[in-house]
Amino acid sequence: MYIAMHCINANNVLQDEICKFYGIHYDNMYKSCVISTDHQHHDFVISMTEEDYKDFYSQVIKALAEDGGQIIELVKGEVFRCRKNEIRHGANQKCEIRRP
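Residues numbered from 1 in each chain as written. Predicted model: local features only at pLDDT ≥ 70, side-chain atom pairs only at ≥ 80, totals over all residues. Heavy atoms only, no water.

(A) Fine view of the overall build of the chain. What the chain contains, in helices and strands, is one helix and seven strands. Along the chain, from the amino end to the carboxyl end, the secondary structure elements read β-β-β-β-α-β-β-β. The C-alpha radius of gyration of the chain comes to 12 Å, within 12% of the 13 Å expected for a compact globule of 100 residues. Each of the three principal axes of the chain carries a C-alpha extent, and together these read 35 × 25 × 20 Å. Looking at the 100 residues of the chain, the share that counts as buried comes to 43%. In the chain, the share of contacts with a sequence separation of at least 24, taken over all contacts with a separation of at least 6, comes to 57%. Averaging the locations of the 12 positively and 15 negatively charged side chains of the chain gives two centres separated by 2 Å. (Helix = DSSP H or I, 4+ residues; strand = E, 2+ residues; numbered from the N terminus. Rg over C-alpha atoms; globule rule 2.2 N^0.38 Å. Buried < 20%, exposed > 50% of the residue type's maximum accessible area, 1.4 Å probe, protein only. Contact = heavy atoms within 4.5 Å. Lys, Arg positive; Asp, Glu negative; His and termini not counted. Charge placed at Lys NZ, Arg CZ, Asp CG, Glu CD.)

(B) Focus on the environment of K20. Along the polypeptide, K20 turns up in strand β2 (residues 14-27). When the C-alpha atoms of K20 and P100 are compared, they prove to be 16 Å apart, with 80 residues separating the residues in sequence. Not counting residues within four places of it along the chain, the set of residues in contact with K20 comprises M1, Y2, S36, T37 and D38.

(C) Region of the structure containing the pattern of salt bridges. Counted according to the given criterion, the structure contains five salt bridges. Residue D43 pairs with K84 through a salt bridge whose shortest N-O separation is 3.0 Å. Residue D43 is located in strand β4 (residues 42-47), and its partner K84 is located in the loop between β6 (79-83) and β7 (96-98); the two are separated by 41 residues in the primary sequence. Given a relative accessible area of 10%, D43 falls into the buried group. Judged by its relative accessible area of 35%, K84 is partly exposed. Residue E96 is joined to K76 by a salt bridge in which the shortest nitrogen-to-oxygen separation is 3.2 Å. (Salt bridge = Lys/Arg side-chain N within 4 Å of Asp/Glu carboxyl O.)

(D) Focus on the nonpolar core. I3, I35, I46, F56 and L74 are the most contacted members of the largest nonpolar core, which totals 21 residues. Not counting residues up to four positions away in its chain, the partners in contact with I35 are I3, M5, F21, G23, I24, D43, F44, I46 and L74. (Core = buried A, V, L, I, M, F, W, Y, C linked by side-chain atoms within 4.5 Å.)

Structure (structure tokens):
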């Protein structure tokens, strides 16, 4: 399974990424969703409330359960591309995920 997303790198440049998708988890300490991918030295971080994470989590499950190709696309919302175990903060996001 792959994930396509637009993300902001360390230089605040918007990039398009397609990565192997391994999952998501919520970091309560930093109020952020962390997207796990095949990148060994980077994480993808989205600032969001726990309530918005629960909604996003449900969307991911629904998208993964749909028939179709082996890719999901994250739309709407800023994703930060960070070094492993680094967290960047931004405004809370209400992201959407879909099958392209």
